[in-house]
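What follows is each chain in one-letter form.
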Amino acid sequence: MERFPRGRSAIVGAATYGIGESPGLKSLDLASRAALLALDDAGLKLSDVDALFVCTPDDALSGLSAAEYLGISPRFTENNRTGGSAFHSHAIVAAMMLDAGYCDTALIMYGSNQRTGAGGLVSMRVASPYEKPYKPLTPLSSYALAAARHMHEYGTTREQLAEVAVAARKWANLNPDAYAKGELSIEDCLKARLVSDPLGVRDCCLVTDGAAAIVMTRADRARTLHAQPIYLLGAAAATWYSGVDQAQDLTTTAAAESGKRAFNIAGFEPKDIDVVQLYDAFTINTILFLEDLGFCPKGEGGRFVQDVGIGPDGVLPVNTNGGGLSCCHPGMYGLFTMVESCVQLRGQGGARQVNNANLALAHANGGTLSSQATMILGSAATL
């Protein structure tokens, strides 16, 4: 049995900044502005931060750079880099450190200017020697390979992949901060330019600027800082490989492990979850993760998104901000799943708010389906 401090830490501050295009700002500028907003949300000051978790795409030593930039001297800095799942791992470490009394206030922050400052999507993973002869588009071709295999094994269709993109756009149309808005139909997705067979342009995440940050503290302190702290009930991470050329099964990811462990710690099941925030870098991700996390049987993800529905008019609300497909995707999207979970559990979603949301799942993906991390977050009613 994993030893995890269930419900003994909480998110008391959450914010995003600069979603879309933020010309003239560096990644650390964006991350720091999100951090200040999250601290303000928590009613705390920079001087209160004694544990700093940060990962930016353009600085391998961002733990040092961010501390200097913010003018703080934290007791602990963490710069773990597993791609988009890094921030969920940061939260796991922060929860344990807070419970142990090693720190009092943990700040987790991220920012990227990849749209206006970095010349477009940049992959930090280098293709393996076994992949290079095939000249893959990294990371896109890896996800296309998983999608093609899922279609072969389970009869998943491009129309079902398109359902994911259309649902994300419907949510984005309700979110004033989302970058991509407007009508998007199944036909629009199918007619879009093919990028890496079977994935077309609409199956791929946005390339945007943007930043996000959360502030965590112990549960007893959280109740004195924020009227609506969001409690970390369970979390787990799992890494099975780096490149998909080493995957034993292209249709099953390490989310099958991280999700099961997170649910066991939290004491809940998929049927209990009110809102789901997934790392949808590509439409196949959402289908794979819904299966691996237990929301539907393996192979049924395509039919689930088509028949049950994950949009505002569906049964299971998934990626209520528009996700990486229509809200934002500044290189690494993981932290945004946590922020949107807080928005929903606090009832701050406005037109996109899910009624009576008390329990959220935030899941992130790193590398090329390589690293997976799952968090179960809840309101006070779930303790």
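Parameters and conventions
Residues numbered from 1 in each chain as written. Predicted model: local features only at pLDDT ≥ 70, side-chain atom pairs only at ≥ 80, totals over all residues. Heavy atoms only, no water. Helix = DSSP H or I, 4+ residues; strand = E, 2+ residues; numbered from the N terminus. Rg over C-alpha atoms; globule rule 2.2 N^0.38 Å. Contact = heavy atoms within 4.5 Å. Areas by Shrake-Rupley, 256 points an atom, 1.4 Å probe, with all protein chains shown as cover. Lys, Arg positive; Asp, Glu negative; His and termini not counted. Charge placed at Lys NZ, Arg CZ, Asp CG, Glu CD. Axes fitted to C-alpha atoms, helices over the stretch in contact; angles between N-to-C directions. Parallel < 35°, antiparallel > 145°, perpendicular 65-115°, else oblique. Nonpolar A, V, L, I, M, F, W, Y, C, P; charged D, E, K, R; others polar. Buried < 20%, exposed > 50% of the residue type's maximum accessible area, 1.4 Å probe, protein only. Polar contact = N/O pair within 3.5 Å; in protein donor to acceptor, adjacent residues only side chain to side chain.

A. Expanded view of the overall build of the protein chain. Along its length, the protein chain carries 12 helices and 11 strands. Computed over C-alpha atoms, the radius of gyration of the protein chain comes to 19 Å, within 12% of the 21 Å expected from 2.2 N^0.38 for 383 residues, which places it in the range of a compact globule. Each of the three principal axes of the protein chain carries a C-alpha extent, and together these read 50 × 40 × 40 Å. In the protein chain, once contacts between residues fewer than 6 apart in sequence are set aside, the share between residues at least 24 apart is 76%. Summed over all atoms, the accessible surface of the protein chain reaches about 14,500 Å², with 50% contributed by carbon and sulfur. Side chains of the protein chain carry 30 positive and 38 negative charges; the gap between the two charge centres is 2 Å.

B. Here's a closer look at the packing of helix α9 (residues 283-292) against helix α10 (residues 301-308). Closest axis-to-axis distance for the α9/α10 pair is 8 Å, and the angle between their directions is 100 degrees. For the element pair α9 / α10, the angle class is roughly perpendicular. Residue-level inspection shows I287, L290 and E291 of α9 in contact with α10, the latter providing G301, G302, F304 and V305. A per-class count over the contact of α9 with α10 returns 4 nonpolar, 2 polar and 1 charged.

C. Molecular detail of the side chain of S341. Its location among the elements puts S341 in helix α12 (residues 334-345). Given a relative accessible area of 0%, S341 falls into the buried group. Within the structure, S341 has its side chain in polar contact with the backbone oxygen of T337 (distance 2.8 Å). With residues up to four places along the chain from it excluded, the contact list for S341 reads Q277, A360, L361, A362 and L377.

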